[in-house]
Amino acid sequence: MERTLIYTADNSIVSMPVSRFLKQKGFSSQNLVQLKKDPTAVQANGIPCFMNHILQPGDTLTLHIRENHSSEKIPPVNLPLNIVYEDADLMVVNKPAGMPIHPSMNNYYNSLANALAYYFEQQNCPFIFRCINRLDRDTSGLTIVAKHYVSAGILSAMIANKATSGITREYLAIAKGSVRPLEGTITAPLGRKEGSIIERTVDFENGESAVTHYRVLDEKNGHSLVSLILETGRTHQIRIHMKYLGFPLIGDYLYNPDMALIHRQALHAWRLSFRHPITGEQMHFTALLPEDMAKVAGDTPWSIS
């Protein structure tokens, strides 16, 4: 895989080192280290240069991002893959429920990583799997996959720094009962549940900060359809926060094993908005509510606004 990026130093800027110019573009220190490994990766006006080279107004900076190997221990498998968007820097994929993000001991051949490894193998293109916003196995919806280390570094920094990220992740969930208040913010730190390597719990003494904003969209058949926006991205955050509020998600085998209407946690990543890591363009994506969650409403569809 090779991606070429071309930047023109604006005539309004002051002279500055290449490293500073790239950091202003969102490149991480690790990105700069990776570029340094290739002596021809960074070129000023067509001539290879170092990171301390001083760019002048009007100069052209060209970057060659090269990756010639693929992720190890991810066997390519021909699995259904719903690609919502793809360009040279990233992909947005609508992941189905039941598909893990990464291979594991019990799910070595059925993950999103396996599907993407096959997709790129068919194009004779090396691919290192870098998923930016990971979803639980049984959570469906939109996830971002970076196609090279620069886009991965910038997107990961966006996720880590919510204050300036420009990334908004909105979920739809179905909770048992009439959720009250109709909207609000759940602020409750989360940590591992004692005696379990999987479960998490609210832990005000040792837990990590976790904030979820929610709003009830509709109520049908004794259930609430809830929109949730994450301010932090802790493991199982929505599932635990809704249980903490007193309205757990249906179908959640860990925190509320109510399987009468659905056989997985009723949680779907349905909206994703972010600033493109390379072009700066605002990107907006939507994935419709899956059939299993839609059926919970009965004969009258959920009202989503």
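Relevant structure appears above.
Residues numbered from 1 in each chain as written. Predicted model: local features only at pLDDT ≥ 70, side-chain atom pairs only at ≥ 80, totals over all residues. Heavy atoms only, no water.

Focus: the overall build of the chain
And then number 1: On a plain count of helices and strands, the chain comes out with six helices and 18 strands.
And then number 2: C-alpha atoms of the chain, sized along the principal axes, occupy 65 × 40 × 40 Å.
And then number 3: Across the chain, the fraction of contacts at a sequence separation of at least 24, relative to all contacts at a separation of at least 6, is 66%.
And then number 4: In the form shown here, the chain has an accessible surface area of approximately 14,900 Å², with 50% of it arising from carbon and sulfur atoms.
And then number 5: Distance between charge centroids for the chain: 3 Å, based on 29 positive and 28 negative side chains. (Helix = DSSP H or I, 4+ residues; strand = E, 2+ residues; numbered from the N terminus. Contact = heavy atoms within 4.5 Å. Areas by Shrake-Rupley, 256 points an atom, 1.4 Å probe, with all protein chains shown as cover. Lys, Arg positive; Asp, Glu negative; His and termini not counted. Charge placed at Lys NZ, Arg CZ, Asp CG, Glu CD.)

Observations concerning the packing of aromatic side chains
And then number 1: In total, this model carries nine aromatic pairs according to the counting rule given.
And then number 2: For the pair Tyr7 and Phe21, a centre-to-centre distance of 6.0 Å together with 75° between the ring planes defines the contact as edge-to-face. With Tyr7 in strand E1 (residues 2-8) and Phe21 in helix H1 (residues 18-24), the pair connects residues that are 14 residues apart, well separated along the chain. Judged on exposure class, the residue Tyr7 and its partner Phe21 are both buried.
And then number 3: Aromatic pair Tyr85 and Phe285: ring centres 5.4 Å apart, planes at 45°, arrangement tilted. Linking Tyr85 in strand E7 (residues 83-86) with Phe285 in strand E18 (residues 282-286), this pair joins segments that are 200 residues apart in sequence.
And then number 4: What makes Tyr85 partly exposed here is its relative accessible area of 25%.
And then number 5: The exposure class of Phe285 is buried, given its relative accessible area of 10%. (Phe/Tyr/Trp six-rings, centres within 6.5 Å; stacked < 30°, edge-to-face > 60°. Buried < 20%, exposed > 50% of the residue type's maximum accessible area, 1.4 Å probe, protein only.)

Some words on the sheet that holds strand E6 (residues 60-66)
And then number 1: The strand order across the open sheet built from four strands is E1-E6-E3-E4, with neighbouring strands paired in antiparallel fashion. The open sheet is flanked by E1 and strand E4 (47-48), the only strands paired with a single partner.
And then number 2: Bridging between E1 and E6 involves seven bridges; their strand directions are antiparallel. Paired with Ile6 across the bridge in E6 is Thr62. (Pairing = 2+ DSSP bridges.)

Things to note about helix H3 (residues 112-121)
And then number 1: Counting buried residues in H3 gives seven out of 10 residues, a clear majority hidden from the surface.
And then number 2: Inspection of H3 places Leu112, Ala113, Asn114, Ala115, Leu116, Ala117 and Phe120 among the buried residues, and these make up the whole buried set.

A look at the pattern of salt bridges
And then number 1: Applying the stated criterion to the full structure yields 15 salt bridges.
And then number 2: Here Arg239 ties to Asp136 by a salt bridge, and the two come within 3.0 Å at their closest N and O atoms. Note that Arg239 is positioned in helix H5 (residues 237-245) and Asp136 in the loop between strand E9 (130-131) and strand E10 (140-146), a separation of 103 residues in sequence.
And then number 3: Between Arg239 and Asp252 there is a salt bridge, and its shortest N-O distance comes to 2.7 Å. Taken as a pair, Arg239 in helix H5 and Asp252 in the loop between H5 and strand E17 (267-275) lie far apart in primary sequence, 13 residues in all.
And then number 4: Judged by its relative accessible area of 3%, Arg239 falls in the buried class.
And then number 5: Linked by salt bridges that have partners in common, Glu2, Asp38 and Arg66 make up one network. (Salt bridge = Lys/Arg side-chain N within 4 Å of Asp/Glu carboxyl O.)

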